[in-house]
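Geometric and topological summary
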Amino acid sequence: MLAKTGIPTPDDLSSKLPSEERLQQGPVAIVECFTPIPCDPCYHSCPFKAFQVFQDINDLPVLDFTKCTGCGACIAHCPGLAIFVVDYTYQPDRGLIKIPYEFLPLPVAGTEVITLNRSGEEIGQGSVVRVQNPLSFDKTAVVWVAVPLTEVMAVRHIKVGVGPDER
Ligand code: SF4
Ligand code: SF4
């Protein structure tokens, strides 16, 4: 399915996820990169050296979850928009996801957005907490979205500017 549609299955994802214990310890990156291509900005952009050294530029990235702080510095540097940060400790009933976002208009903090899964299907609603868009991100913004805890691992994109009354 992944090769045909680009949508990972739960099996594909299982090798990319940290342990439940690590998830409960705070923010951590999820690197949803599945196809070997000559690409390594994730490795070079991490200030904590949390990615294993690439032996070959075609290697798939391997993240050491014990070194990852969830800072999100790698997100905007990934040309494949394949890196997300999830935080199950954000609030008692809501988690936080940091999502790469290259559409306009950019949301602002406080915006309510429609949340979408990896297939582009609507899941529910989320609240934008922060938008990072410095020049160094080269037009890939990072949008922080709070969602119900049960949706943290499913939400991977947002739809902005479409309120519930306008759908
Ligand atoms: S979130 Fe921060 S610490 Fe984790 S891999 Fe990305 S840049 Fe490194
Ligand atoms: S920068 Fe992104 S697309 Fe490139 S290897 Fe790293 S995770 Fe994969």
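Right, let's walk through the structure included here. On a predicted model such as this, the values are computed, not experimentally measured, just so you know. (Residues numbered from 1 in each chain as written. Chains lettered and ligands numbered in written order. Predicted model: local features only at pLDDT ≥ 70, side-chain atom pairs only at ≥ 80, totals over all residues. Heavy atoms only, no water.)

When helices and strands are counted, the protein shows four helices and seven strands. In the protein, the order of α-helices and β-strands from amino to carboxyl end is α-α-α-β-α-β-β-β-β-β-β. Relative to the globule expectation of 15 Å for 167 residues, the C-alpha radius of gyration of the protein, 15 Å, shows essentially globular dimensions. Expressed as lengths along the three principal axes of its C-alpha atoms, the size of the protein is roughly 50 × 35 × 35 Å. For the protein, buried positions account for 44% of its 167 residues. When contacts within the protein are restricted to residue pairs at least 6 apart in sequence, long-range pairs at least 24 apart make up 59% of them. (Helix = DSSP H or I, 4+ residues; strand = E, 2+ residues; numbered from the N terminus. Rg over C-alpha atoms; globule rule 2.2 N^0.38 Å. Buried < 20%, exposed > 50% of the residue type's maximum accessible area, 1.4 Å probe, protein only. Contact = heavy atoms within 4.5 Å.)

The subject of this paragraph is the pattern of salt bridges. Within this structure, the stated rule accounts for three salt bridges. Glu32 is the salt-bridge partner of Arg156, the closest N and O atoms lying 2.8 Å from each other. Pair noted here: Arg156 is in the loop between β6 (141–148) and β7 (157–159) and Glu32 is in the loop between β1 (28–31) and α4 (41–45), with a separation of 124 residues, a long-range link. Comparing Arg156 with Glu32, the two get one shared label, buried. Within the structure, one salt-bridge network assembled from shared partners comprises Glu32, Arg118 and Arg156. (Salt bridge = Lys/Arg side-chain N within 4 Å of Asp/Glu carboxyl O.)

Two descriptors summarise a pair of aromatic rings, namely the distance from one centre to the other and the angle between the planes of the rings. According to the stated counting rule, one finds two aromatic pairs in the structure shown. Here Tyr43 and Phe54 contribute two aromatic rings whose centre-to-centre distance is 5.8 Å and whose plane-to-plane angle is 50°, an arrangement assigned as tilted. Of this pair, Tyr43 sits in helix α4 while Phe54 is found in the loop between α4 and β2 (83–87), placing the two residues eleven residues apart along the sequence. The exposure class of Phe54 is buried, given its relative accessible area of 13%. The residue whose ring lies beneath Lys98 is Trp144, and the NZ or CZ to ring-centre distance is 4.1 Å. Over the face of the ring belonging to Phe84 we find Arg156, whose NZ or CZ atom lies 5.0 Å from the ring centre. (Phe/Tyr/Trp six-rings, centres within 6.5 Å; stacked < 30°, edge-to-face > 60°. Lys NZ or Arg CZ within 6 Å of the ring centre and 35° of its normal.)

Taken across its five residues, strand β4 (residues 112–116) has four buried, putting it largely inside the fold. Across five bridges, the pairing between β4 and strand β5 (residues 122–132) is antiparallel. Along β5, the bridge assignment pairs Glu112 with Ser127. Following β4, the chain reverses through five residues before pairing antiparallel with β5; Gly120 in that reversal takes a positive phi of roughly 85°. With three bridges connecting them, β4 and β7 associate as antiparallel partners. Opposite Ile114, over in β7, you have Lys159 as the bridge partner. (Pairing = 2+ DSSP bridges.)

It is worth spelling out the site of ligand 1 at this point. Around ligand 1 there are 14 residues in total, and Cys46, Cys68, Cys71, Gly72 and Cys74 lie nearest to it. Across the shell around ligand 1, the residue classes tally to eleven nonpolar, three polar and no charged. (Near = heavy atom within 4 Å. Nonpolar A, V, L, I, M, F, W, Y, C, P; charged D, E, K, R; others polar.)

Taken together, Val31, Cys33, Cys39, Pro41, Cys42, Pro61, Cys78 and Pro79 are the residues near ligand 2. Of the residues assigned to the shell around ligand 2, the class counts are eight nonpolar, no polar and no charged.

This part covers the sheet that holds β1. Pairing within the open sheet is antiparallel, and its seven strands lie in the order β1-β2-β3-β6-β5-β4-β7. Looking at which strands have only one partner, the edges of the open sheet turn out to be β1 and β7. Averaged over all pairs of adjacent strands, the angle between strand axes in this sheet comes to 40°, irrespective of strand direction. Summarising the sheet, β2 and strand β3 (residues 94–101) pair through three bridges and their orientation is antiparallel. Residue Val86 lies in a different strand from β3, and its bridge partner there is Ile97. (Axes fitted to C-alpha atoms, helices over the stretch in contact; angles between N-to-C directions.)

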